[in-house]
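In case you want the letters, here they are:
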Amino acid sequence: MPASPDPPRSADGDAPVPDPAPAPAPSGSADEEDDRVFLVPRRWWREAQEGAAIEAPGVPYAAAPAGPTSYGMKVFSMFNSDQAFTLRRADDLLLLAPDASVASAGRSYALVAADLFTKAREWHVDSAKLAGKKLPLIEEGSVNIYPIMLRVSATRDTNALTVKIGKKDNSPENFKRANKILTADSEPVHIWDFSGRTTYILMNEWNRMPQDPKSADQEMSLQIHIYDLSEPMANGADGKKSDLALTMGSSIFSNGSTMCMDLDSSSRISKKVGSGLTGLDNLGNTCFMNSAVQCLTHTSKLVDYFLGDYYKEINPHNPLGMKGELAYAFGDLLRKLWAVDRTPVAPRQFKAKLARFAPQFSGFNQHDSQELLAFLLDGLHEDLNRVKCKPYSEAKDSDGRAVEEVADEYWGNHLARNDSIIVDICQGQYKSTLVCPICKKVSVTFDPFMYLSLPLPSTTMRTMTITVFSTDGTTGPSPYTVSVPKSGDTKTLVNALSNACSLRDDERLLVAEIYNSSIIRYLDEPSEVISLIRDGDRLVAYRLPKDSEDAPIVVFRNQRMDFGRKSWKTFGTPLVSSLPDTITGSTICNIFQKVLTPFRVSKDVSDSDQTIGESSLVNETVEIDMSTDASECTSINNNFIEDETVTEDAMQFFLINEKFPDQRLKIEMDQPVTLKGLQKRLHVVVCWQDNGLEQYNLGSLDSLPEIYKAVLFARRPQDTCSLYACLEAFIREEPLGPEDMWYCPGCKEHRQASKKLDLWRLPEILIIHLKRFSYSRFTKNKLETFVDFPIHDLDLSKYIGNRSQEISHHYRLYAISNHYGSMGGGHYTAYVYHEGKRGWCDFDDRHVGPITEDSIKTSAAYVLFYRRIQDGSLDTETGMDTD
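The shown structure was predicted, so the numbers you read here are calculated from the model rather than taken from an experiment.

Colleague: In this structure, what is going on with the sheet that holds strand β13 (residues 478-485)? I would like to understand it.
Modeller: Pairing between sheet strands relies on hydrogen bonds along the backbone, with the strands arranged either parallel or antiparallel. Pairing in this open sheet of 5 strands is mixed, and the strands run β13-β12-β16-β14-β15 from one edge to the other. Across the chains shown, the open sheet's two edge strands, defined by having one partner strand only, are β13 and β15 (518-522). If you compare each strand with its neighbour and ignore which way they point, the axes differ by 45° on average. Taken together, the 4 bridges between strand β12 (residues 461-470) and strand β16 (residues 538-545) define a ladder with parallel strand orientation. Paired with Ser 470 across the strands is Arg 543, a residue of β16.

See the structure below:
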């Protein structure tokens, strides 16, 4: 199938430029995603055709060198950049019996599609099992599987194909191997096409207009996977032996691996391991996959494992796994990346497996490298799980037992069901403590983790602005901005606000939410989460005497006449004060005027100075003389006003029902006012006349700030934090959200418990995910916070709850998955420390190059990969340990 070996990328580095229309997949293809073709020995293919009843017609061709055939010209052609061969139809082979065509003189190969190859391979494996054949020892290098890029053109008149093998398209070793197969010096070479690719190329040529100047020598790219033998296949016993070797060698991979395989379990599969500095082609927005894969394929323990006999631990019967296919695909890809040939690899087969088992990664949209990493690690674990039959185990609560005993019990139960290379090196354990806010029941459990998702401090904190009012007339309203945890509760908010406003020891705060100049709710439940408070809400806090927590309070609501509608209209912010034991109309009037003291204005003050804190809401303290006769409801003399009085006609007081505010009862100055039953709040409406409003400046009561006012396009300095600060935010105690209520076994009800996490058992490979992306109902956001992470020594000793472990808790960085750009797009790369070169390398899709250690710390760091430093191996001079 014609395909571009290196899909060009658009300017953003990810979106692919559309390829030419591809040829349709062969008829009957089981997996349209897999468009590869394989060149296999004809005898091996013929045996599978007969045994598995595979019906597929083939077209025979005879291969011959194109151009001069003299010895001198052959030597000269060796220095050319391309080698050309001609494939001509050999229909005379069709006249022979099938066995005779296979046994005809010369070397014979079959070109088959991926689905046909899979069927043939499965038949050979099953046949070997039924025959009880023992797998023979295959010496290193006896089977070699590698991709070759060809350029094929067709000649209209002769129906012949010209095949060119370019040195620029292939590595030098693969170039020589392909020439060796196709060169027919001593015996003819026949190629039978069962894939339909040659027919497609010829039909494409026939459909061109004869007068089209581009119709001559139109080349098409074709990548084939050649299965070469160290000893060329011949007829007779030697050929059968080679066939058997090929069958056993290729059956190890279910997805057509392209690496040498040594089936001797006592040795490594190939000693010819490359440097690992091989890039991955971007197939179209697959940089997220390339970044995660490069980090994993440079994890030393995984490299050793997948370059070894990992296929022996495949668990095809695990219902939670992918029948081993994901492990095969990953192992195949890792071997290609660590091959001697450093030609960039196109991970199409691996991408197809991802799309099959995780449809969210299908197509060519941008995805999250951490989400891919999570799926890949879990999938590899299940495919390689050594536990064939998982025992049932019931989680038990601590019930006062020693915490070490409970932790070991949980870990033992986990290992009884999960045992793989992923668990061996990547899984740790953390302790979770839940405390019921009502009955104080404590529940301790232990859970495994594959990676740590750490919040950034800027994502865990919330900025809130609240206006504080005095209730004794000493100061005017003043806004305070505090930072509290997003997952915090009302108690946390009140404590932060108390510190900000310098609340005295004999005072307390009553927090309320204001809407339409009325109090709609009180935040008097300490455990209520503040996540329910929106940024556009408005909160106030009233300073009240602490010794009067059980005493009733009075809430004043201001109203003025709306002459247009001829009705009373509420305005401003309600004012609050505490009440004495004995209450009369005059008491209420005195209390209200006391609270209004900071808002009084003087006629001698200019209009520009009359606004009391409309912008800053900060006032000067006013001295109050409470000796005024309350019965006359006169005004209070103070420093600002002289001989001013507020008559009873200037304002009138009415009692209202909180639930039915339209029902009101006028308060007479000389009449007592009583609270009914357990009533704790007295609601009073103050109806202002115009002559009364002239003596006060109540404008600040109409300008309450919102909780948080976002400023569009505001330039903010870049946030910075340390990785240790992220860890502390991760283990900080916090209440559960309303959607995560915990069922308390003591209360027998769901409670909003507090939760505390602690690290208990750390893995050899510690993967840390920085939660840069935040989601809400209406917005998506990426944080560009610069996280200062240690490179040489991440010391987690003080964060470990299990002090009895005698292992190192020091880690060293060896890989980073980076994300550049915005939430909806951007580009992923990877930084990897290379042991052989003793330095860092930048993996940007197919491009690989060195990078200095000073350059790897950026605000793009997204996923960090650490490995444990063994005691005594810390090498601060070289920066990395030498194992």
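Once you've had a look at it, read on.
Colleague: Is there a simple way to think about the side chain of Gln 559 in this case?
Modeller: Among the secondary structure elements, Gln 559 is positioned in strand β17 (residues 553-562). Judged by relative accessible area, which is 7%, Gln 559 ranks as buried. Among all residues touching Gln 559, those that are not within four sequence positions of it are Trp 568, Lys 569, Thr 570, Phe 571, Arg 664, Val 685, Val 686, Cys 687 and Trp 688.

Colleague: Sorry if this is basic, but what is going on with the pattern of salt bridges here?
Modeller: A pair can form between side chains of opposite charge whenever their charged atoms are brought close. In total, this model carries 30 salt bridges according to the counting rule given. Across the pair Lys 857 and Asp 788 runs a salt bridge whose closest N-O atoms are separated by 2.7 Å. With Lys 857 in the loop between β35 (847-851) and β36 (861-868) and Asp 788 in strand β30 (residues 786-788), the pair connects residues that are 69 residues apart, well separated along the chain. By relative accessible area, which is 37% here, Asp 788 ends up partly exposed.

Colleague: What should I look at first to understand the sheet that holds strand β10 (residues 442-449) in this one?
Modeller: Sheet architecture is open: 4 strands sit in the order β10-β9-β26-β23, paired in antiparallel fashion. Two strands close off the open sheet at either side, each with one partner strand: β10 and β23 (734-735). The pairing of strand β9 (residues 428-435) with strand β26 (residues 754-761) spans 7 bridges and is classified as antiparallel. By the bridge assignment for β26, Leu 434 is matched with Lys 755. Against the sheet, helix α13 (residues 403-417) contacts β9, β10 and β26, and its axis sits at roughly 40° relative to β10.

Colleague: What is the right way to look at the packing of helix α1 (residues 42-52) against helix α4 (residues 114-130) in this model?
Modeller: Geometrically, a packed helix pair is captured by the angle between its two axes and the distance between the axes. One way to put it is that α1 packs onto α4 with a least axis distance of 9 Å and a crossing angle of 80°. Taken together, the axis directions place α1 and α4 in an arrangement best described as roughly perpendicular. Together, Trp 44, Trp 45, Glu 47, Ala 48, Gly 51 and Ala 52 of α1 and Leu 116, Phe 117, Ala 120, Arg 121, Trp 123 and His 124 of α4 make up the contact between the two elements. Its residues placed into classes, the contact of α1 with α4 shows 8 nonpolar, 2 polar and 2 charged.

Colleague: Quick question: what am I supposed to make of the pairing of strand β33 (residues 827-834) here?
Modeller: In terms of burial, β33 is a largely internal element, 8 of the 8 residues being buried. Here β33 shows a buried face lined by His 827, Thr 829, Tyr 831 and Tyr 833 and a second buried face lined by Tyr 828, Ala 830, Val 832 and His 834. As judged from the 6 bridges shared by strand β32 (residues 810-820) and β33, these two strands associate in the antiparallel manner. Looking at the pairing, Tyr 820 lines up with His 827 of β33. Linking β33 to strand β34 (residues 839-844), which pair antiparallel, is a turn of 4 residues; within it Arg 838 sits at a positive phi near 55°.

Colleague: How do you make sense of the packing of aromatic side chains when you look at a structure like this?
Modeller: Centre-to-centre distance and the angle between the planes together describe a pair of aromatic rings. Here the structure, examined in full by the defined rule, presents 24 aromatic pairs. A ring pair is formed by Phe 556 and Phe 592, whose centres lie 4.8 Å apart and whose planes are at 50°; its orientation type is tilted. Highlighted residues: Phe 556 in strand β17 and Phe 592 in helix α17 (residues 585-595), separated in sequence by 36 residues. Both residues of the pair, Phe 556 and Phe 592, count as buried. Three or more aromatic residues joined by ring pairs form one cluster here, namely Tyr 305, Phe 306, Tyr 310, Tyr 328, Phe 330 and Phe 350. Across from the ring centre of Trp 192, 4.3 Å away, lies the NZ or CZ of Arg 42, which sits over that ring.

Calculation rules
Residues numbered from 1 in each chain as written. Predicted model: local features only at pLDDT ≥ 70, side-chain atom pairs only at ≥ 80, totals over all residues. Heavy atoms only, no water. Pairing = 2+ DSSP bridges. Helix = DSSP H or I, 4+ residues; strand = E, 2+ residues; numbered from the N terminus. Axes fitted to C-alpha atoms, helices over the stretch in contact; angles between N-to-C directions. Buried < 20%, exposed > 50% of the residue type's maximum accessible area, 1.4 Å probe, protein only. Contact = heavy atoms within 4.5 Å. Salt bridge = Lys/Arg side-chain N within 4 Å of Asp/Glu carboxyl O. Parallel < 35°, antiparallel > 145°, perpendicular 65-115°, else oblique. Nonpolar A, V, L, I, M, F, W, Y, C, P; charged D, E, K, R; others polar. Phe/Tyr/Trp six-rings, centres within 6.5 Å; stacked < 30°, edge-to-face > 60°. Lys NZ or Arg CZ within 6 Å of the ring centre and 35° of its normal.

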